[in-house]
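Below are the chains, spelled out letter by letter.
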Amino acid sequence: MRIERWRPEMDGPPAWGWIDGDRIGRLEGSPFGEFRRKPGSAPLEAARLLPPLKPGKIICVGRNFPLHAAEHDAEVPSWPLLFFKPPTAVIADGEAIRLPPQSRQVEHEAELAVVIGDPGRWIAPQDAARHVLGYCAANDVTARDLQRSDGQWTRAKGFDTFCPLGPWIETELDPADVLITCSVNGQMRQMGSTRDMVFSIPQLLAFISSVMTLEAGDLILTGTPSGVGLLQPGDEVAVEIEGIGRLINPVLPDERGGLAADRK
């Protein structure tokens, strides 16, 4: 099932929905508890789609693809390398990534995102799947120059709009060998498979839950393949996850700050 958040009425509150062919129908209740599907009532093409969830924690995994670590002359970590993105970074499919004036080198990172359904602590790898509601496409947008200069990653990863997420939550996906791609203006930049991950999704859930409780609605970004690259004003970046769909976002300058002096 494909789960979405949308606005059934123009000025109405957000609602849960599900994709019914080329239409979207309401979900009565919550996908994190009991719910009932109603028949598709609105054309999907015309629906006002929102980010597919409002995550609690966004836990990210760095350097989880060996070739991505290599392209930054970094070692593959012995343990999962964890960092956070704030929930305020999340935007929906179709919303604009805003380039902040503080950075001259903002880059895309296509990733598979895991949506936690059932809470857990000390989750065993063999039990990981039952804690997962589903999967999304994500873009871990990164100010690479700030990541290098700061020495830690909060600012570089945390700007508003730096976590495009969508286009929906796919609950029926086997993530063991899924193709991840990213293109900018139709030109392929990244391509890799989840089979190339250093740490698999069950291993990641086990490791993360040994540190902190994973709660319903938490989000885990599982790492990016090699080929990350620069985003410029006017670009269109598309992240595609096999079995899920395409997440497409335009790239614009920040509304208040303009552009860094030497970014054209």
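Above this note sits the structure.
Draft legend 1. Region of interest: the pattern of salt bridges. With the rule as written, the count across this model stands at 14 salt bridges. Here Lys157 makes a salt bridge to Asp140, at a shortest N to O gap of 2.9 Å. Placement of Lys157 in helix 3 (residues 154–158) and of Asp140 in the loop between strand 13 (132–139) and strand 14 (142–143) is noted, with a sequence separation of 17 residues between them. Asp140 carries the same exposure label as Lys157, and that label is buried. Among the ionic pairs, Asp177 bridges to Arg195, the shortest N-O distance being 2.9 Å. With Asp177 in the loop between strand 15 (163–170) and strand 16 (179–184) and Arg195 in the loop between strand 17 (187–193) and helix 4 (201–209), this residue pair connects regions lying 18 residues apart in the sequence.

Draft legend 2. A look at the pairing of strand 16. The buried count for strand 16 comes to 5 of 6 residues, which makes it a mostly enclosed element. Sheet topology places strand 16 next to strand 17; 6 bridges connect them, and they run antiparallel. By the bridge assignment, Leu179 is partnered in strand 17 with Ser193. Strand direction decides the pairing type here: strand 16 and strand 19 (residues 236–241), joined by 5 bridges, are antiparallel. Looking across to strand 19, one finds that Thr181 is bridged to Glu240.

Draft legend 3. Structural view of the pairing of strand 2 (residues 15–20). Summarising burial for strand 2: 5 of the 6 residues are buried, a large majority. Bridging between strand 2 and strand 3 (residues 23–29) involves 4 bridges; their strand directions are antiparallel. In the sheet register, Gly17 faces strand 3, and the bridge partner there is Arg26. The antiparallel pairing of strand 2 with strand 3 creates a hairpin that spans 2 residues between the two strands, and Gly21 there sits at a positive phi of about 65°.

Draft legend 4. Structural detail: the environment of Leu247. Within the secondary structure layout, Leu247 lies in strand 20 (residues 245–253). A sequence separation of 114 residues divides Leu247 from Leu133, and the C-alpha atoms of the two residues are 19 Å apart. Setting aside residues up to four positions removed in sequence, Leu247 forms contacts with Asp93, Ala137, Ala138, Asn139, Pro164, Leu165, Gly166, Pro167, Val237, Ala238 and Val239.

Draft legend 5. A look at the sheet that holds strand 10 (residues 97–99). Spatially, the 5 strands line up as an open sheet ordered 10-20-19-16-17, and their pairing is mixed. Each edge of the open sheet is held by one strand with a lone partner, namely strand 10 and strand 17. Across the sheet, the mean angle separating the axes of adjacent strands is 20° when strand polarity is ignored.

Draft legend 6. Layout of a nonpolar patch on the surface. The grouping of Leu179, Met188 and Met191 at the surface amounts to a nonpolar patch, some 290 Å² of accessible area in total. Of note, Met188 is situated in strand 17. Note on Met188: relative accessible area 47%, which makes it partly exposed.

Draft legend 7. Highlighting the state of the cysteines. Tallying each qualifying case throughout the model produces 0 disulfides. Cys163 supplies the cysteine sulfur nearest to Cys136, a cysteine that is in no disulfide, at a spacing of 9.5 Å. Since its relative accessible area comes to 0%, Cys136 is described here as buried. In this structure Cys163 is not part of a disulfide, and its nearest cysteine sulfur, from Cys60, lies 6.6 Å away. Under the relative-accessibility criterion, Cys163 is labelled buried at 0%.

Draft legend 8. Just the environment of Thr154, in detail. Looking at the element boundaries, Thr154 is found in helix 3. Looking at Thr154, the relative accessible area reads 53%, which means it is exposed. Thr154 sits 52 residues away from Gln102 along the chain, and the two C-alpha atoms are 14 Å apart.

Draft legend 9. Highlighting the side chain of Thr181. Position of Thr181 relative to the elements: it lies in strand 16. Residue Thr181 is classed as buried on the basis of its relative accessible area of 9%. With residues up to four places along the chain from it excluded, the contact list for Thr181 reads Ala110, Met188, Gln190, Met191, Ala238, Val239 and Glu240.

What counts, and at which threshold
Residues numbered from 1 in each chain as written. Predicted model: local features only at pLDDT ≥ 70, side-chain atom pairs only at ≥ 80, totals over all residues. Heavy atoms only, no water. Salt bridge = Lys/Arg side-chain N within 4 Å of Asp/Glu carboxyl O. Helix = DSSP H or I, 4+ residues; strand = E, 2+ residues; numbered from the N terminus. Buried < 20%, exposed > 50% of the residue type's maximum accessible area, 1.4 Å probe, protein only. Pairing = 2+ DSSP bridges. Contact = heavy atoms within 4.5 Å. Axes fitted to C-alpha atoms, helices over the stretch in contact; angles between N-to-C directions. Patch = residues over 30% accessible without salt bridge, like charges linked within 9 Å, V, L, I, M, F, W, Y side chains within 5 Å. Areas by Shrake-Rupley, 256 points an atom, 1.4 Å probe, with all protein chains shown as cover. Disulfide = S-S within 2.5 Å.

Purely geometric numbers; function is a separate question.
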